[in-house]
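# Summary of the model geometry
Each chain, letter by letter, is given below.
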Amino acid sequence: MMDRASAQGPRRRTVVAAAMTSALVSTVGLGAVPAFAAPRPERRPGAAKAPSGRWDRFNLSPRGRTVRPVATHPRAGHGPGQDVTHAVLNGQGASVTFDFGQETGGFVTLRFSSATDAGQIVGLTYSELSTYVSATSSDGSNGGSNTEPPVQYAVTPGGAVSTRRDTPVAGTSGAAAADPASQLRGGFRYLTVTNQTAGTVRLTDVSVTVTFAPNAADLRAYPNYFHCDDDLLNRVWYAGAYTVQTNIIARDQGRVWGPPDIGWDNSALVGESGDTVLVDGAKRDRTVWPGDLGISVLTDYVSLGDLETVRGSLETLYHHQDPATGALPYAGPAVDFIGNSDAYHLWTLIGTAAYVQLSGDTAWARSVYPAYRKALAFSLAKLDADGLLDVTAAADWARTDADGKNLEANAIMYRALTTAAGLARTLRDTASATDWAHRAAILKSAVESGGYWDASAGLYRDKPTGPGASLHPQDGNSLALWFGLVDSADRAATVSAALAARWTPVGALSPEKSAASVHPFPGSMEVHAHFAAGRDATALDLIRREWGYMLDAEQGTASTFWEGYRTDGTSDYGGSYMSAAHGWSTGPTSALTYRLLGIAPADDGGPGHTVVPQPGGQRYAEGRLTTADGVIAASWQRGHDGAFDLTVSAPHGAVTEAGVPVGDGRGQVVRLDGRTVWDGTTGATRAPRSDQPHHARHADGYVYVTGLPGGSHRITVRRDRDRDRDRGRDRGRAGERG
């Protein structure tokens, strides 16, 4: 995710210098950054392929490692062919564009007829979006000049060209001569082959050897699934999963930085633990960026379940921690920029706590805990006397107004503190858990009393005073809801409504970037925010609008989500440099599992999951999530007159609470496996019995049931017809007396 601004170097092209603090670290016995010698976690229980079903048709992952185009778009000199992998290129400049129908990535193999003229040369160019298909240049990826002319290869009649093995004759830097595999192209939908010479070239086959997710024996074998009664939402869920899958790469196939003068070089070592890393984009930057992990880790978890790659990515970031200050890098190697982003430093801490919670890998947590504490102390030293974070290292995702006590950074700080408290509790560090929770509470109070709230706009200001007071950011307001800075249900609904009022036909505005920006990274935060505010239908409407637009846009990949665009649908990241397969844009995938389906990890960062569907107007959903405690499967159906059926299957202890929507509860009866647990009396609670260890309570329009034993259970909501009849008779008698 390079170039969050107008040029194409590392993010925020005007890089803010690191403000390295010399404050003393209060943690005892930290020493050097640990080597993370904890054993690799065993495969999680039940991490087998999800069952087959209607949802399989939405899975975009290829059935094998070799893919071929599905269509061609001929240009000058292209003759008739037998199928889409055949083409005849007559004379210099003749070209054909092969369309793979969706995002792919890897090494290209071209095969030629023996009737091809001797001494010919072909040039290859690539593009993710149809907007940038060209016979003279690939879309931008190197992050410097982005001068990427056709990569040229000599053709042998009756032979083949392999971009993995064959050395280009032109169009690249010197690195390609030493390592032809550096010409791996990580993300594209379109491949254009151009005859660079005067003779005739006869292509007989075109294929790509897919290189992403090299640790997956079967790219389609997701351990988890999702399905509901809206096919667009199903498409979005699986496109998010596929986007993140294209972002999982071999540790030695990252983008070299600094960039070559011409072409690209994807042979950098960007992972230093394990075999794979989760990077920001398929095409570029092919580097671990902590902020992106804030979204993509959750997508990975609910779909692919590849937490070992997440662990390796986090370890790589910790390997580059400043041993003196505890500062963590803005990005992993080969970019690094250690200590110049307070926000991304905090995202690494949030990702660490998330990995431990989702994986249950406490052995690794203990090994990294000294480095984690040192990194948290680095941020705690930047809390002002009022308890707010004062950002001095302002590199971020390309938002403006990223320094000082901006709202987004303080929401991230709040989340870092609350998840730190959860991690500390897991590791039985009670004193730290108490301290960090207390600091989080102070920060929340400071936001509430600090002048951020703008009642006239129904939104929070980015800063209470100065230029930031006129900015009502999408990221900061969304994170305030999603991360729990807002306790008032009425205010949360107000913020949600005000955010929705700014939507454009192609998605939600991101004014902290520009007045015409639509960025699915803060947009992903907004989706989660609407669900957190209890405005489920609004969240689903945004998913359909913004993510549906990306899937169906004529110029798109029809399979992956973009880094950021403008209200007219054009790139908001340096033209063709924009990534069209960016994991930070996949927030709806986790939101649909966590919120619509309802299977979500515990809010407090501890073990266990809850199953609480937020239907948002849908009538049905089902799916499963493979957790550290085993597989949790859920399905629900909503009927007429408030009827609701929820089925949950899970091992003992995996589900700490299940909830079903009942509105105000009047006239409703909730049953667990046929036994009444809620009798419809507002505020009533049925206490557990010796033969029924569960407990039911009514709150916020739901009846929640705790103490579910392992196995499969059905919770139903039905109207109490007998009570309705009694109430009707009582009203009739009252009318007679009147």
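Residues numbered from 1 in each chain as written. Predicted model: local features only at pLDDT ≥ 70, side-chain atom pairs only at ≥ 80, totals over all residues. Heavy atoms only, no water.

Viewed as axis vectors pointing N to C, helix α6 (residues 362-380) and helix α7 (residues 407-426) meet at an angle of 145°, and their least axial separation amounts to 11 Å. When the axes of α6 and α7 are compared, the crossing they make is left-handed. Contacts from T362, A365, Y369, Y372, L376, S379 and L380 of α6 reach α7 at M413, A416, L417, T419, A420, L423, A424 and T426. (Axes fitted to C-alpha atoms, helices over the stretch in contact; angles between N-to-C directions. Helix = DSSP H or I, 4+ residues; strand = E, 2+ residues; numbered from the N terminus. Left-handed = near helix turned anticlockwise from the far one by under 90°. Contact = heavy atoms within 4.5 Å.)

Attention now goes to the confidence of the model for the protein chain. Averaged over every residue, the pLDDT of the protein chain is 91; residues scoring 70 or more account for 89%. Across residues 42-46 the pLDDT falls below 50, and counting only partners more than four positions away or on other chains, this stretch makes 14 contacts in the model. (pLDDT = per-residue confidence, 0-100.)

On the secondary structure map, A87 appears in strand β4 (residues 87-90). For the pair A87 and F98, spaced 11 residues apart in sequence, the C-alpha to C-alpha distance is 9.8 Å.

Cis peptide bonds are those with omega within 30 degrees of zero, and the linkage from W257 to G258 qualifies with 0°. Tracing the chain through its elements places G258 in the loop between β12 (248-250) and β13 (276-278). At the junction of P333 and A334, the peptide bond is cis and its omega measures out at 15° in the coordinates. Structurally, A334 is set in the loop between α4 (307-319) and α5 (342-359). In the Ramachandran plot, D641 falls in the positive-phi region, its phi being about 60° despite a non-glycine side chain. With respect to the helices and strands, D641 occurs in the loop between β21 (630-638) and β22 (644-650). Relative accessible area serves as the criterion here: at 41%, D641 is assigned to the partly exposed category. At D673, a position not held by glycine, the phi torsion is positive, near 50°. With respect to the helices and strands, the residue D673 is situated in the loop between β24 (668-672) and β25 (675-678). The class of D673 is partly exposed, set by a relative accessible area of 42%. (Buried < 20%, exposed > 50% of the residue type's maximum accessible area, 1.4 Å probe, protein only.)

Moving on to the side chain of R185. Assignment of secondary structure puts R185 in strand β9 (residues 185-195). Given a relative accessible area of 1%, R185 falls into the buried group. Residues in contact with R185, not counting those within four places in the same chain, are G105, G106, Y126, S138, D139, S141, E148, W264, N266 and K283.

Across the sheet, which stays open at both edges, the 7 strands sit in the order β11-β20-β21-β22-β28-β24-β25 with antiparallel pairing between neighbours. Each edge of the open sheet carries a strand with a single partner, namely β11 (225-228) and β25. Strand after strand, the sheet turns through a mean of 20° between neighbouring axes, direction not considered. (Pairing = 2+ DSSP bridges.)

Looking now at the pairing of strand β10 (residues 200-210). In terms of residue burial, β10 counts as a mostly covered element, since 8 of its 11 residues are buried. With 4 bridges connecting them, β4 and β10 associate as antiparallel partners. Across the sheet, L89 pairs through a bridge with V201, a residue of β10. In the sheet, strand β5 (residues 95-112) pairs with β10 via 7 bridges, with the strands oriented antiparallel. Of the residues in β10, the one forming a bridge with G106 is V210.

Right, let's talk about the packing of aromatic side chains for a bit. For the structure on display, the rule yields 24 aromatic pairs. Relative to F521, the ring of W397 lies with its centre 6.2 Å away and its plane at 80°, an arrangement referred to as edge-to-face. Linking W397 in the loop between α6 and α7 with F521 in helix α11 (residues 520-532), this pair joins segments that are 124 residues apart in sequence. Aromatic rings pair up to connect F100, Y126, F188 and W264 into one cluster. The positively charged end of R491 is found above the aromatic ring belonging to W453, 4.2 Å away from the centroid. (Phe/Tyr/Trp six-rings, centres within 6.5 Å; stacked < 30°, edge-to-face > 60°. Lys NZ or Arg CZ within 6 Å of the ring centre and 35° of its normal.)

All right, on to the sheet that holds strand β23 (residues 655-661) then. Strand order in this open sheet of 5 strands is β18-β19-β23-β27-β26, and the pairing throughout is mixed. Taken across any chain shown, the strands that pair with only one partner, and hence form the sheet edges, are β18 (599-601) and β26 (695-699). Sheet twist, expressed as the mean angle between neighbouring strand axes with direction ignored, is 25°. The sheet contact formed by β18 and strand β19 (residues 609-611) spans 3 bridges and is antiparallel. Pairing of P601 across the sheet is with H609, part of β19.

In this structure, L110 and W436 are the most contacted members of the largest nonpolar core, which totals 191 residues. Leave out the neighbours within four places in its chain, and L110 touches V122, L124, G159, A160, V161, V193, L203, D205 and V206. (Core = buried A, V, L, I, M, F, W, Y, C linked by side-chain atoms within 4.5 Å.)

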